[in-house]
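Report on the structure
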Amino acid sequence: MKFAYKFSNLLGAVYRHGNLSFSKDGNSVISPVGNRVSVFDLKNNKSETLPVSTNKNIACVGLSPDGNLAILVDEDGAAVLLSLVTRAVLYHHHFHKPVHSISFSPDGRKFVVTKENVALMYHAPGKKREFNAFVLDKSYYGPYDETTCIDWTDDSKCFAVGSKDMTTWIFGAERWANLIYYSVGGHRDVIVGCFFEKDSLDLYTVSQDGTLCVWESNTELDGLRKGPRYLERKKMEEERKKRAGREAQDNDDDDDDDDEDVEELGEDGEPRGEVIKGSADAPQEVEGIKNVRYKQKSKHFFSTEGNCSNLTAAAFHKNTRILVTGFASGAFHLHELPDFDLIHSLSISDQRISAIAMNPTGDWIGFGCSGLGQLLVWEWQSESYVFKQQGHFNNMASLAYSPDGQYLATGGDDGKVKVWNTTSGLCFVTFTEHTSSVTNVTFTTSGFVVVSASLDGTVRAFDLHRYRNFRTLTSPRPTQFSSLAVDVSGELVCAGAQDSFEIFLWSMQTGRLLEVLSGHEGPVSCLCFSPVQSVLASASWDKTVRLWDMLDSWHTREILRLNSDGLTVTYRPDGQELAVATLDGEITFWNPQEATQTGSIIGRHDLQMGRKETDKITAKQSAKGKAFTSLCYSADGESMLAGGRSKFVCIYNIKEQILMKKFEISCNMSLDAMEEFLDRRKMTEFGSLALVDEGAGDGDGVQLSLPGVKRGDMSSRHFRPEIRVTSLRFSPTGRSWAAASTEGLLIYSLDASLVFDPYDLDMDITPTSIRRQLKKKEWASAIVLAFRLNETPLISEVLEAVPYDQVAVVSSSLPDVYVEKLLDFVASSLEKSRHLQFYLTWAQNLLTLHGQKLKNRSAAILPTIQQLLKSIQRHHDDLSKLCDWNIYTIRYAKALSKQRGLKRTAEDSLSEEEDESEVLGSENEDEDEEEEDMMSEPILLEN
C-alpha cells in the first residue's frame with residue numbers, strides 16, 4: 001500500500017478554457033481545467049477533480065439534462081463520454097476536427113455537435129443498449145464559415161446554430177414540412193450567442209460588436225407539421241423492419257437487402273446519416289402548409305463605448321428572460337428581454353470574460369476568465385459573490401504543507417502567495433504584497449505563519465489569524481532571494497541569494513538582520529534546517545553543501561564536496577541523513593554527523609524528458625543534461641520523492657537505492673516536451689509548423705488581417721508551456737503528497753483508491769457472519785472479523801453498533817494487532833463523520849488503554865496520530881467558530897428576554913394599578929348607585 005498513491009485532487013487552478021456548466025440541481029458548477037474537469041460544490045464549499053483526463057486541453061463540455069452524463073471534447077476533437085455518477089469513462093469517440101460547441105436536447109434524446117461549418121446531430125447515449133454510443137442521425141450544412149453556438153427549443157423540435165459568417169441558422173430536429181432550414185442575418189460581426197424564447201420559435205441573436213437582434217416567428221411550436229416525405233420514409237422503415245423480422249423468423253439469409261443496410265460514410269469515416277443542406281433560397285412550400293418565416297422585430301445596441309464593442313460571451317435564462325453578456329474589458333451586463341431593460345452593469349476585472357453560464361433557477365451566474373484563471377459565481381439579486389476563486393496564472397514555483405496537514409501554501413511567478421484548504425480544495429486567502437516571483441514558501445512549526453521569499457528582495461511573514469503581512473525582512477543592499485528556510489523553533493529565518501552568493505539570517509521576533517553568512521562561491525540554490533539540531537544545510541552551484549552551526553557563532557561546521565552543482569538539499573525527518581540532488585542527475589545521501597557519503601542514486605535515465613519543439617537534438621540526448629530539482633522524504637524516511645523538468649515523479653527506496661514507481665504527472669499533449677519524437681508531418685524546410693503563430697486564439701491575440709489593419713495586441717503570442725515539476729512535498733500524515741507543476745497543484749492520496757484489501761481472510765468470514773456476531777452482542781469479535789474482511793462500510797456499521805457505554809470494555813479486549821488498525825480507521829473516519837463524540841471516545845480509550853504499547857511503535861503510528869490531530873483540530877476550529885457565533889446569539893436572546901421581562905413587569909404593574917383603580921372605581925360606582933336609589937325612593941313620613 002505504500003506506493004499505491006492515486007490521483008486525488010487538483011488545486012491551484014479553477015478554470016482554463018472552455019464553457020462552464022451548472023449541475024441539474026444548480027448547486028455545483030463544472031469547470032474545465034486544462035485536460036481535466038473540476039466540480040465545485042457551492043453549497044458545501046468543496047471542490048473535486050474528476051479522475052479522468054483527455055489527451056489535450058478540453059475545448060467544450062456537454063452536460064445531459066438529467067445530469068448523469070457529460071461529453072468532454074478536447075482541442076483536436078477527441079471526445080470522452082463520462083458518467084458523473086460513477087466517475088467512469090464509458091466511451092471514446094473522435095470527431096477528427098476541432099469542435100466549437102456541444103449541446104444536449106432538453107428531452108435528452110439527441111445532442112448536436114458543431115465543427116467547422118457543419119452541425120452533426122447524434123442520438124444521445126444511454127437510451128438504448130448498443131455497442132456504438134454515438135450514432136449519427138443527421139448532418140446539417142448551411143453556414144459558410146465556422147459555427148460558434150447552439151440553442152434548442154424547449155420541446156426539442158428545432159435548434160439554432162450561430163456562425164462566424166454573421167448568420168444564424170434554424171434547423172428542424174425532425175423532417176418538418178414547414179421548417180427544414182431557415183437563415184437570419186442582420187449582424188455585422190461574428191455571432192456569439194443565439195437563444196430561443198421560452199415555448200416559442202422567437203429568437204434572440206447577439207453578435208461580437210455588441211448588437212442584439214430580436215426575431216419574431218410567424219409560427220408557434222405547435223404549428224410544425226410533418227411532411228409527406230417524412231411519412232413515406234417512416235412507412236418504408238416500418239415495412240423494412242417487418243420484412244427483416246420475417247426473414248429472421250424463417251432463418252432465410254437473403255443478400256438482396258444488404259444494400260439498404262449500408263450507411264453512407266463521410267470523409268472522417270463515420271456514418272453520415274441523413275444529410276440536410278441549406279442554401280440561400282428558402283425551401284419550397286408544401287401544399288396547404290405555410291413555411292416558418294422570421295422577421296426582425298427590433299434591434300438593440302449595448303453601447304457605443306469602447307468597453308462594450310467586443311462582446312465575448314453571452315447566456316440567456318428563458319424562465320426569467322435575463323440576458324447576461326460579457327465583454328473583453330471584463331465588464332458584464334444584465335438585461336431583461338425583450339424590452340432590453342438594463343438591470344446591472346458591473347466589471348469583474350480588466351481581463352476578457354471567456355465563458356458565462358446560469359444555473360437552472362436563474363439566481364446564480366458563473367463567469368470564467370481564462371486570462372487570469374479565474375472562476376466567479378455571482379448572485380445578481382443580492383449583488384454578492386457566492387464563489388470566487390483564482391489560481392496562479394503563471395507558473396507555480398513552490399509549495400509547503402502546514403504541520404497538521406490541513407493547509408497548503410503555494411507561491412507563484414505572479415508574485416502571489418495562496419493558502420489552500422486540503423479538505424475543501426479551495427483557496428481561502430491570497431497575499432499579494434510581493435512585487436516579483438515568489439521562489440519559496442514554508443510554514444513555521446506553529447502552523448499559523450507562512451514565510452515566503454521573492455526575487456523582489458524581501459522575505460515576508462504572513463499571519464493566518466488576521467490575514468496580514470506582519471513582518472518584512474530585507475537585506476542591506478538589494479538582492480534576489482532564491483531559497484528559504486525556517487528553523488524548528490520558528491525564531492530564525494534564512495534566505496539565500498542567487499546574485500551575491502550569501503545567506504542572510506534574521507530574527508522572526510524582532511525582524512533584525514542577525515548575520516550574513518559568506519563562503520559560497522556560487523548562487524545558493526537551496527536551504528534546509530535540521531529537524532533535531534540547530535544546523536543549517538545550504539546547497540550551492542559551487543559544488544558544495546555547507547553545514548552551518550547556529551549555536552556556535554554561525555560558523556561552518558562541515559563542507560560536503562559534490563561532483564556537480566548542487567540543486568536541492570533536504571534532511572530526513574529524524575535528522576540522521578541528508579539527501580542532495582546535483583546537476584548531473586544524481587542523488588547522493590550523506591551522514592551529517594560524520595560528513596561521509598552513505599549512498600547514491602543515478603536518476604537521469606528515470607526522468608525521460610520529452611523533446612521540445614525547438615530542440616535540435618533528440619529526447620534521449622537532451623535527457624542526459626536533466627536533473628532533479630526537488631526532493632522530499634516520506635514520513636517514515638524509507639522512501640524519497642524526486643521530480644524535475646519532466647512529466648514523471650519518481651519514488652525511490654533509499655535502503656535498496658532502486659526505483660520503486662514512476663508517477664506520470666500529466667498526459668496533456670497541449671504542453672511542450674511531452675512527446676519523445678517529433679511529428680515529421682509537421683516538419684517543413686523552414687522548420688516545425690508548430691512554431692508558426694497563427695494568431696487569433698481566443699479572439700484577443702494577434703489577428704492575421706489585411707496589411708495596415710491594427711487589431712488586438714500585436715505583441716501577444718501564443719506559446720505552449722513546458723511540462724515540469726517545481727516542488728514536491730509529503731503530507732505530515734503520510735497519507736498523501738503534493739506536486740507543484742505546470743498543470744497546477746496535484747494531490748496524490750492513499751485514500752483515493754477503493755481497493756479490496758483483506759487481512760488474514762478466511763472462508764467463514766462474510767458480512768452475514770459478522771452481523772450474526774453483532775446480534776449476539778459479541779462486539780470485539782465482530783470488530784476483528786470486520787477488519788479481517790476490511791470493507792470500510794462494514795467496519796463503520798460494526799463500530800457504530802457498539803453501545804456507548806461498552807466502548808471502554810471493547811477497547812481493552814482487542815488484540816494488539818487490531819488496535820493500530822482501529823486507531824487508523826477512527827482517525828480517517830473522524831475527518832468526515834458527524835459522530836464526533838463517539839469516535840473521540842474510541843480514540844481516547846484506545847490511546848489510554850494501549851498507550852504504552854503504542855509508544856513503543858511511535859515511528860510506525862506517527863502518521864495516524866498526526867491525521868487524528870488534524871481531524872480534531874479542524875473540528876475544533878469549526879465548532880469554536882460556531883460556538884462563538886452562538887455565544888453572541890445567546891447573549892442577544894438573553895438581553896432581548898431581559899428587555900421583554902422588564903417590559904412585562906412594567907406592563908404587569910400597570911395592569912395591577914388599572915385593576916385596583918377599576919376595583920375602587922366599581923366600589924364608588926356602587927355607592928353612588930345606592931345613593932341614587934335612595935334619592936329616587938319615596939320618603940315615608942310618620943304622622
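The present account deals with the structure reproduced in this document. In this text the structure is predicted, and so the values were computed from the model without any measurement. (Residues numbered from 1 in each chain as written. Predicted model: local features only at pLDDT ≥ 70, side-chain atom pairs only at ≥ 80, totals over all residues. Heavy atoms only, no water.)

Thoughts on the overall build of the protein
- Within the protein, the regular secondary structure consists of twelve helices and 59 strands.
- Counting only residues that meet the buried cut, the protein has 50% of its 943 residues in that class.
- Taking as baseline every contact in the protein between residues at least 6 positions apart, the subset at least 24 positions apart corresponds to 49%.
- A total accessible area of about 47,300 Å² is found for the protein, and carbon and sulfur atoms account for 48% of it. (Helix = DSSP H or I, 4+ residues; strand = E, 2+ residues; numbered from the N terminus. Buried < 20%, exposed > 50% of the residue type's maximum accessible area, 1.4 Å probe, protein only. Contact = heavy atoms within 4.5 Å. Areas by Shrake-Rupley, 256 points an atom, 1.4 Å probe, with all protein chains shown as cover.)

Looking at unusual backbone geometry
- At the junction of L337 and P338, the peptide bond is cis and its omega measures out at 5° in the coordinates.
- On the secondary structure map, P338 appears in the loop between strand 25 (331–336) and strand 26 (341–347).
- Unlike most non-glycine residues, E383 shows phi in positive territory, near 55°.
- Turning to its location among the elements, E383 is positioned in the loop between strand 29 (374–379) and strand 30 (384–390).
- The residue A595 is not glycine, and still its phi comes out positive at about 55°.
- Residue position: A595 is located in the loop between strand 49 (586–591) and strand 50 (596–602).

A short note on the pairing of strand 19 (residues 203–207)
- The buried fraction of strand 19 is high, at five of five residues.
- Burial along strand 19 is two-sided: the residues L203, T205 and S207 and Y204 and V206 are all buried.
- Of the pairings in the sheet, the one linking strand 18 (residues 191–196) to strand 19 comprises five bridges and is antiparallel in character. For F196, the partnering residue across the bridge sits in strand 19 and is L203.
- Between the antiparallel neighbours strand 18 and strand 19 lie six residues, among them D199 with a positive phi of about 50°.
- Looking at chain direction, strand 19 and strand 20 (residues 211–217) are connected through four bridges and run antiparallel. By the bridge assignment, T205 is partnered in strand 20 with C213.
- What sits between strand 19 and strand 20 in their antiparallel hairpin is a turn of three residues, with G210 showing a positive phi close to 80°. (Pairing = 2+ DSSP bridges.)

Examining the pairing of strand 38 (residues 468–474)
- Strand direction decides the pairing type here: strand 37 (residues 458–463) and strand 38, joined by six bridges, are antiparallel. Paired with D463 across the bridge in strand 38 is R468.
- Joining the antiparallel neighbours strand 37 and strand 38 is a turn of four residues, in which Y467 adopts a positive phi near 55°.

Structural notes on the sheet that holds strand 13 (residues 135–141)
- Pairing is mixed in the open sheet, where five strands are placed in the order 10-11-12-13-21. At either margin of the open sheet sits one strand with a lone partner, and together these are strand 10 (99–104) and strand 21 (274–277). Put simply, the sheet's adjacent strands are angled 20° from each other on average, direction ignored.
- Bridge analysis of strand 12 (residues 118–123) against strand 13 gives six bridges, and the strand direction is antiparallel. Note on strand 13: the bridge partner recorded for L120 is S139. (Axes fitted to C-alpha atoms, helices over the stretch in contact; angles between N-to-C directions.)

Considering the sheet that holds strand 57 (residues 725–730)
- Read from one edge to the other, the open sheet built from four strands follows the order 1-59-58-57, with strand pairing classed as antiparallel. The open sheet has two edge strands with one neighbour each: strand 1 (6–11) and strand 57. Looking at each pair of strands side by side, their axes are set apart by 20° on average, direction ignored.
- When strand 58 (residues 736–741) meets strand 59 (residues 744–749), the two strands line up antiparallel, connected through six bridges.

Here's the deal with the packing of aromatic side chains
- Applying the stated criterion across every chain, the model contains 36 aromatic pairs.
- Ring geometry for F481 against W506: centres 5.6 Å apart, planes inclined by 85°, an arrangement best described as edge-to-face. You can see F481 sitting in strand 39 (residues 481–486) and its partner W506 sitting in strand 41 (residues 503–507), a full 25 residues away along the chain. Summarising the burial analysis for this pair, F481 and W506 share the class buried.
- Through pairs of rings, three or more aromatic residues link up here, namely Y5, F7, F663, F730, W737 and Y748.
- In this arrangement the basic side chain of R36 is found over the ring face of F7, its NZ or CZ atom lying 4.0 Å from the centre.
- Taking the ring centre of F648 as reference, the NZ or CZ of K662 above it sits at 4.4 Å. (Phe/Tyr/Trp six-rings, centres within 6.5 Å; stacked < 30°, edge-to-face > 60°. Lys NZ or Arg CZ within 6 Å of the ring centre and 35° of its normal.)

Comments concerning the nonpolar core
- Core analysis: the biggest nonpolar cluster contains 35 residues, and I770, I783, L822 and W842 have the highest contact counts within it.
- Those elements giving two or more residues to this core turn out to be helix 5 (767–775), helix 6 (779–789), helix 7 (792–801), helix 8 (807–812), helix 9 (816–830), helix 10 (836–849) and helix 12 (858–936).
- Apart from the residues within four sequence positions on either side, W842 is in contact with I783, L799, V802, V807, V810, S811, L822 and V826. (Core = buried A, V, L, I, M, F, W, Y, C linked by side-chain atoms within 4.5 Å.)

As for the pattern of salt bridges
- The final tally for this structure, using the stated rule, is 18 salt bridges.
- E146 is paired through a salt bridge with K164; the nearest N and O atoms lie 3.3 Å apart. With a gap of 18 residues between them, E146 in the loop between strand 13 and strand 14 (147–152) and K164 in the loop between strand 15 (158–163) and strand 16 (168–172) connect regions that are remote in the sequence.
- A single network of salt bridges, built from pairs that share partners, joins K110, D137 and K138. (Salt bridge = Lys/Arg side-chain N within 4 Å of Asp/Glu carboxyl O.)

Details of helix 6
- Here helix 6 lies mainly inside the structure; nine of its eleven residues are buried.
- Taken as a whole, helix 6 has its buried residues at W779, A782, I783, V784, L785, A786, F787, R788 and L789.
- Tucked inside the fold, the buried residues of helix 6 contact helix 5, helix 7, helix 8, helix 9 and helix 10.
- Where helix 6 terminates, the next one or two residues include N790, which has phi positive at roughly 60°.

Considerations on the packing of helix 6 against helix 9
- Two elements in contact, helix 6 and helix 9, have axes whose closest approach is 11 Å; the angle formed by their N-to-C orientations is 75°. In terms of axis orientation, helix 6 runs roughly perpendicular to helix 9. Residues V784, F787 and R788 of helix 6 touch helix 9, and the partners they reach there are Y818, K821, L822 and F825.
- For the contact of helix 6 with helix 9, a count of residues per class yields five nonpolar, no polar and two charged. (Parallel < 35°, antiparallel > 145°, perpendicular 65-115°, else oblique. Nonpolar A, V, L, I, M, F, W, Y, C, P; charged D, E, K, R; others polar.)

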